[in-house]
Amino acid sequence: MNEENNMNQSIEQEDLNELMKVRIAKLEELQKKGKDPFQIVKFDNKDNSKDIKEKFVDPVEGEETEPMEVKMAGRLMGKRGHGKATFCDLQDMYGRIQIYVKLDEVGEESYEEFKKYDIGDIIGILGTVFKTHMGEVSVKVKEITLLSKSLRPLPEKFHGLKDMDLRYRQRYVDLIVNNEVKDVFVTRSKIIKGIRKYLDDRGYLEVDTPILNTIAGGAAARPFVTHHNTLDMDMYLRIANELYLKRLIVGGFDKVYEMGRMFRNEGMDIKHNPEFTSIELYAAYEDYHDMMDIMEGLVSTLAKDICGTTKIDYQGTEIDLAPGWKRITMIDAIKEVTGADFNKANTDEEARALAKSLGIQLEGEPDRGHVINLVFEEKVEETLIQPTFIMDYPVEVSPLTKKKPSDPRLVERFEAFIGGREYGNAYSELNDPIDQKERFMAQMAEREAGNEEANEIDNDFIQAIEYGMPPTGGLGIGVDRLIMLLTNSYSIRDVLLFPTMKPL
């Protein structure tokens, strides 16, 4: 089978080489005539396919009206006809429009050159708008200019191609031939603008914090390591921007957020890419309940603005994003799904025994908090289809979170789940510098025991909150996952223009 595939690939490459030779010969012929398209530096592209279709008004019979003249550019995507007239499809950023090129309108020399244009060539046209007998708004071309020669032909089978790996690698081709892919990224831009507007309207200040960090902190993840030559020191691409943003809360900015790239040296699957877009926001004098209100308000608003409704379809399941999301503690959620009540397991041994009774495989002798979190991940997480806030995590898995006054074994933290996936993580932030240092020390012990994802001690952050940090609510949202949800995309690679790929 491999030999057959290699033979087919070899034949396809030979065919491609021949086609490219023909196109290069056409380019050389134009260059000899002094009509090199690559020498053109500008075109007055003042119109587009969408506006033309929306603005065109069919003239009333018997009335004299001035024809609608347009000037636009785009990629040639289809040619139909022969002889002295040809219909074509011209594609720009906004869609496609039919154009009509006729010898009598453009002149014999221009028409002969046009007939040699290839699918994929980029052209500029001047013409008037009309409606065909079939009712299609089209442009009758008066002038046509080749602006860029496509030397490599578009693959005929790229649309609907099963080899998604190739589509991710050659996203530029994917965008050319698959309009629905382009729509996803237009929607992505709208979602990001919508997030900013929602927070800006509520008094949040957008800020920038360092991407290069001297300490990998703010989350439990394995970092990417780089080296600064001048300082002769290793540095880390940020895994989170939490600790810098909370420094700004100390400094007196009461509401801040940052949206940007994070980097985690982890595995890749449909939910994970080593670099991804995240947003973190912090509000002084608020807690994790306020963050729940912010998150369900933000997501429901985006759904209405982008999808027109809070009831969306995601991969065949209807999900209602309207405010009023279910709020339940982690221990109660476990009890609801499995019947096991970890409120009655007060020691590490009792927690491990209860987990084993549920069929959970444990490595070593984890403490009560890690056992509860593991049971939740294996038994409950995938059942959370409708939007749900899982509250009150064990302190052992939440090193940056304020303890619950009613039960110091737990913290005021939630994660938001939709469709069995986690979309947001929020805390009532820990602002006690003594407690924070102790938790950093516990994390360092884990790190020294071999846990590469455990937090390092950030002494400057401890010093910052020693000056006094107000009670603060903080929230982080995976922006790419949110875009997947609102565009009904299966994989994170479907919403990243250039996902991380292993070189061929």
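Refer to the preceding data block for the structure.
What comes next concerns the included structure. (Residues numbered from 1 in each chain as written. Predicted model: local features only at pLDDT ≥ 70, side-chain atom pairs only at ≥ 80, totals over all residues. Heavy atoms only, no water.)

1. Here's the deal with the overall build of the chain
Then comes step 1: What the chain contains, in helices and strands, is 15 helices and 19 strands.
Then comes step 2: By the compact-globule yardstick of 23 Å for 504 residues, the chain is too spread out, its C-alpha radius of gyration being 29 Å.
Then comes step 3: When its C-alpha atoms are laid out on the principal axes, the chain stretches across 90 × 60 × 50 Å.
Then comes step 4: Carbon and sulfur atoms make up 49% of the accessible area of the chain, which totals about 26,200 Å².
Then comes step 5: Seen as two clouds, the 67 positive and the 92 negative side-chain charges of the chain have centres 4 Å apart. (Helix = DSSP H or I, 4+ residues; strand = E, 2+ residues; numbered from the N terminus. Rg over C-alpha atoms; globule rule 2.2 N^0.38 Å. Areas by Shrake-Rupley, 256 points an atom, 1.4 Å probe, with all protein chains shown as cover. Lys, Arg positive; Asp, Glu negative; His and termini not counted. Charge placed at Lys NZ, Arg CZ, Asp CG, Glu CD.)

2. Brief notes about the sheet that holds strand β9 (residues 233-237)
Then comes step 1: Spatially, three strands are ordered β7-β9-β8 in an open sheet, and the strand pairing comes out antiparallel. Of all strands in the sheet, those with a lone pairing partner are β7 (212-213) and β8 (225-228), marking the two edges.
Then comes step 2: In the sheet, β8 pairs with β9 via four bridges, with the strands oriented antiparallel. Counterpart to Val225 in the pairing with β9 is Tyr236. (Pairing = 2+ DSSP bridges.)

3. What about helix α11 (residues 348-357)?
Then comes step 1: The complete set of buried residues in α11 reads Ala351, Arg352 and Ala355. All buried residues of α11 fall inside an arc of 100° around its axis, so they share one side. The exposed set on the far side of α11, more than 90 degrees from its buried face, consists of Glu349, Lys356 and Ser357.
Then comes step 2: Looking at the residues trailing α11, positive phi occurs at Gly359, about 85°. (Buried < 20%, exposed > 50% of the residue type's maximum accessible area, 1.4 Å probe, protein only. Arc of directions from axis to C-beta.)

4. Here we look at unusual backbone geometry
Then comes step 1: Look at Gln315: it is not a glycine, yet its phi comes out positive at around 50°.
Then comes step 2: In this structure, Gln315 sits in the loop between β12 (311-314) and β13 (317-320).

5. Focus: a nonpolar patch on the surface
Then comes step 1: There is a patch of nonpolar side chains on the surface, built from Tyr172, Leu497 and Phe498 and spanning about 350 Å² of accessible area.
Then comes step 2: Summarising the element assignment, Leu497 is placed in the segment after α15 (479-487). (Patch = residues over 30% accessible without salt bridge, like charges linked within 9 Å, V, L, I, M, F, W, Y side chains within 5 Å. Salt bridge = Lys/Arg side-chain N within 4 Å of Asp/Glu carboxyl O.)

6. Quick word on the packing of aromatic side chains
Then comes step 1: Overall, the coordinates contain eight aromatic pairs when judged by the stated rule.
Then comes step 2: Look at Phe114 and Tyr117: their rings are 5.6 Å apart centre to centre, the planes differ by 80°, and that puts the pair in the edge-to-face class. Each member of the pair, Phe114 together with Tyr117, is buried.
Then comes step 3: Members of the aromatic cluster, each reached through a chain of ring pairs, are Phe87, Tyr100 and Phe130.
Then comes step 4: Over the face of the ring belonging to Tyr244 we find Arg247, whose NZ or CZ atom lies 4.9 Å from the ring centre.
Then comes step 5: A cation sits over an aromatic face here: Arg413 above Tyr393, 4.3 Å from the ring centre. (Phe/Tyr/Trp six-rings, centres within 6.5 Å; stacked < 30°, edge-to-face > 60°. Lys NZ or Arg CZ within 6 Å of the ring centre and 35° of its normal.)

7. Observations regarding the sheet that holds strand β4 (residues 122-131)
Then comes step 1: With respect to topology, five strands assemble into a closed barrel ordered β1-β2-β3-β5-β4, the strand pairing being mixed. Put simply, the sheet's adjacent strands are angled 55° from each other on average, direction ignored.
Then comes step 2: Sheet analysis places β4 next to strand β5 (residues 137-148), joined by 10 bridges and oriented antiparallel. Paired with Gly124 across the strands is Thr145, a residue of β5.
Then comes step 3: Lying over the sheet, helix α4 (residues 108-115) contacts β1 (69-80), β2 (85-92), β3 (95-102) and β5, oriented at roughly 65° with respect to β2. (Axes fitted to C-alpha atoms, helices over the stretch in contact; angles between N-to-C directions. Contact = heavy atoms within 4.5 Å.)

8. Here we look at the nonpolar core
Then comes step 1: Core analysis: the largest hydrophobic core is formed by 46 residues, its most contacted members being Ile195, Met295, Leu321, Phe414, Leu475 and Leu485.
Then comes step 2: In terms of residues, this core owes the most to one element, helix α9 (residues 288-307), which gives nine residues.
Then comes step 3: Other than its neighbours up to four places away in sequence, Leu321 contacts Glu296, Val299, Ser300, Ala303, Thr310, Ile312, Pro387, Ile418, Leu485 and Leu486.
Then comes step 4: Counting residues in each nonpolar core, the second largest holds 26 residues, with Leu362, Val375, Ile390 and Val411 among its members. (Core = buried A, V, L, I, M, F, W, Y, C linked by side-chain atoms within 4.5 Å.)

9. Thoughts on the pattern of salt bridges
Then comes step 1: Scanning the model with the defined rule gives 34 salt bridges in all.
Then comes step 2: Across the pair Glu29 and Lys33 runs a salt bridge, and its minimum N-O distance is 3.7 Å.
Then comes step 3: The class of Lys33 is partly exposed, set by a relative accessible area of 48%.
Then comes step 4: A salt bridge links Lys326 to Glu336, with the shortest nitrogen-to-oxygen separation between them at 2.7 Å. Taken together, the residues span a long stretch of sequence, with Lys326 in strand β14 (residues 326-329) and Glu336 in helix α10 (residues 330-338) at a distance of 10 residues.

10. Points about the packing of helix α7 (residues 179-200) against α9
Then comes step 1: Between α7 and α9, whose axes approach to 10 Å, the crossing angle comes to 140°. The angle between α7 and α9 falls in the class oblique. Of the two elements, α7 crosses α9, and the hand of that crossing is right-handed. Packed against α7, whose contacting residues are Thr187, Lys190, Ile191, Gly194, Ile195 and Tyr198, the element α9 presents Ile294, Gly297, Leu298, Thr301, Leu302 and Ile306 at the interface.
Then comes step 2: Across the contact of α7 with α9, the residue classes tally to seven nonpolar, four polar and one charged. (Parallel < 35°, antiparallel > 145°, perpendicular 65-115°, else oblique. Left-handed = near helix turned anticlockwise from the far one by under 90°. Nonpolar A, V, L, I, M, F, W, Y, C, P; charged D, E, K, R; others polar.)

11. Comments concerning the packing of α7 against α15
Then comes step 1: Contact geometry of α7 with α15 gives a least axis separation of 10 Å together with a crossing angle of 120°. As far as their axial angle goes, α15 and α7 are oblique. Here α7 and α15 pass one another in a crossing that is right-handed. Facing α7, whose interface residues are Val184, Thr187, Arg188, Ile191, Ile192 and Ile195, α15 presents Val479, Asp480, Leu482, Ile483, Leu486 and Thr487.

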